[in-house]
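Close look at the chain arrangement
Below, each chain spelled out in residue letters.
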Amino acid sequence: MYDNAGLDTSVEPPVILASTPVLAVAFSPDGSIIAYSESRIVRLFDTTSLEEIASIDARESSRFLDFSPDGLSLLTVGESRNNVQVVNVLDQTVTTLLEGHTSSVRDAIFGPDGSVIATGAEDNSVRVWDAATGEQLALLSGHTGRVLSVAFSPNGDLLASSSADNTVRVWNLGDGSELFSLQMESSPRPFNVVAFSPDGSLLAGGNANGSVYLWDAGSGDELALIETGGGEVIDLAFNPAKE
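Digging into the packing of aromatic side chains
Summed over the entire model, instances satisfying the criterion amount to four aromatic pairs. For the pair F191 and Y213, a centre-to-centre distance of 5.7 Å together with 70° between the ring planes defines the contact as edge-to-face. Of this pair, F191 sits in strand 17 (residues 191-196) while Y213 sits in strand 19 (residues 211-216), placing them 22 residues apart in sequence. Each of the two residues, F191 as well as Y213, counts as buried.

Some points on the sheet that holds strand 10 (residues 116-121)
Spatially, the four strands line up as an open sheet ordered 9-10-11-12, and their pairing is antiparallel. Each of the sheet's edge strands pairs with one partner strand only, and the pair in question is strand 9 (105-110) and strand 12 (136-140). Neighbour to neighbour, the strand axes of the sheet diverge by 15° on average, direction disregarded. With four bridges joining them, strand 11 (residues 126-130) and strand 12 adopt antiparallel strand pairing. Within the sheet, the bridge partner assigned to W129 lies in strand 12 and is Q136.

Here's the deal with the nonpolar core
Core analysis: the largest hydrophobic core is formed by 15 residues, its most contacted members being V168, F196, L203 and W215. Of all the elements in the fold, those that place two or more residues in this core are strand 14 (158-163), strand 15 (168-172), strand 16 (177-182), strand 17 and strand 19. Among the elements that line this core, the one with the most residues is strand 17, at three residues.

Concerning the layout of surface pockets
Space inside the largest pocket adds up to approximately 2000 Å³. If you go around the largest pocket, you meet 47 residues; those closest to its centre are D66, I109, D235, L236 and A237. When contributions to the lining of the largest pocket are tallied by element, the ones reaching two or more residues are strand 1 (24-27), strand 5 (66-67), strand 9, strand 13 (147-152) and strand 17. Of the residues in the lining of the largest pocket, the class split is 31 nonpolar, nine polar and seven charged.

Quick look at the side chain of S161
In this fold, S161 is placed in strand 14. Here W171 takes part through its side chain, which lies 2.9 Å from a polar atom of the side chain of S161. Excluding residues within four positions of it along the chain, S161 makes contact with V126, H143, V147, S149, V150, T167, V168, R169, W171 and V194.

Comments concerning the environment of V22
Along the chain, V22 turns up in the segment before strand 1. Among the residues examined, V22 registers a relative accessible area of 42% and is labelled partly exposed. If we ignore the near neighbours within four places in the chain, the residues touching V22 are Y36 and S37.

Concerning unusual backbone geometry
The phi torsion at R40 lies on the positive side, around 60°, for a residue other than glycine. Here R40 is to be found in the loop between strand 2 (33-38) and strand 3 (41-46). Even without being glycine, L50 reaches a positive phi, approximately 60°. As for its position among the elements, L50 is in the loop between strand 3 and strand 4 (52-57).

Describing the pairing of strand 16
Each regular strand carries side chains that alternate between the two faces of the sheet. The pairing of strand 15 with strand 16 spans five bridges and is classified as antiparallel. Note on strand 16: the bridge partner recorded for W171 is E178. The turn linking strand 15 back onto strand 16 is made up of four residues, and G176 within it adopts a positive phi angle of 80°.

Regarding the side chain of T167
Relative to the helices and strands, T167 resides in the loop between strand 14 and strand 15. On the basis of relative accessibility, which here comes to 4%, the residue T167 falls in the buried class. Side chain to side chain, T167 and H143 meet in a polar contact 3.3 Å long. Setting aside residues no more than four positions away along its own chain, T167 makes contact with H143, S161, S162, S181, L182, Q183 and F191.

Side note on the pattern of salt bridges
Should their charged atoms come close, side chains of opposite charge can pair. Under the criterion given, the structure shown has eight salt bridges. Residues E52 and R43 are paired through a salt bridge, measuring 3.2 Å at the closest nitrogen-oxygen approach. Linking E60 and R81 is a salt bridge whose minimum nitrogen-to-oxygen distance equals 2.9 Å. With E60 in the loop between strand 4 and strand 5 and R81 in the loop between strand 6 (73-77) and strand 7 (84-88), the pair connects residues that are 21 residues apart, well separated along the chain. It is possible to trace a salt-bridge network through shared partners that takes in E38, R43 and E52.

Rules of the game
- Residues numbered from 1 in each chain as written.
- Predicted model: local features only at pLDDT ≥ 70, side-chain atom pairs only at ≥ 80, totals over all residues.
- Heavy atoms only, no water.
- Phe/Tyr/Trp six-rings, centres within 6.5 Å; stacked < 30°, edge-to-face > 60°.
- Helix = DSSP H or I, 4+ residues; strand = E, 2+ residues; numbered from the N terminus.
- Buried < 20%, exposed > 50% of the residue type's maximum accessible area, 1.4 Å probe, protein only.
- Pairing = 2+ DSSP bridges.
- Axes fitted to C-alpha atoms, helices over the stretch in contact; angles between N-to-C directions.
- Core = buried A, V, L, I, M, F, W, Y, C linked by side-chain atoms within 4.5 Å.
- 1 Å grid on protein atoms, 1.4 Å probe; cavity = no way out; pocket = protein on both sides within 12 Å on 5 of 7 lines; lining within 4 Å.
- Points joined across faces, edges and corners; volume = space filled by probe spheres on them.
- Nonpolar A, V, L, I, M, F, W, Y, C, P; charged D, E, K, R; others polar.
- Polar contact = N/O pair within 3.5 Å; in protein donor to acceptor, adjacent residues only side chain to side chain.
- Contact = heavy atoms within 4.5 Å.
- Salt bridge = Lys/Arg side-chain N within 4 Å of Asp/Glu carboxyl O.

The structure is reproduced here in structure tokens:
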């Protein structure tokens, strides 16, 4: 891990060694905890001491992790790949179980205020849940391939999803309607990940061709294309300190 305030790549950063391949990583909102998932276990470390402070056993390996905005809860895979559990970070108890998908969940995230959760799965569906009760609030249908990534807009009004059907779709969470669908006819490859900019004006999607597209989040108009020159894009993020 590097200290962003004084980045010196000539100095070897502290390293946490996992015993098996790491599938997902997440920092708590205050940066005090780092969580990572490996084979059927999620481990939590203190970022200052780099000591392991807790572990969460699971029957399945989690390909996603997400902390709630208050840092008190963590999303991981549930007792099967088809469901998601909300885990109390302090005592590692399961507080809520999200059940409804009929195939493996590929992504799960908290909404900006922590009251709702969005999930995307290999059953081609996007679902929105009450974080406290586990009640399903919305089923967003339209994708014809497995859903790979979901992202809330900063104000929580919109949800973006990417899929193996080579599209990115943007949904209005007020009524569950699809606002628009984005597909690059010249480069028909799956979008592995989507993300909104901190101010909500931009939407980015990274695809299996190694391309990152930028769109106007309100209209869906394409604004820019970034070619990474490498392999497929599997994750991306906006710098929260910049527009």
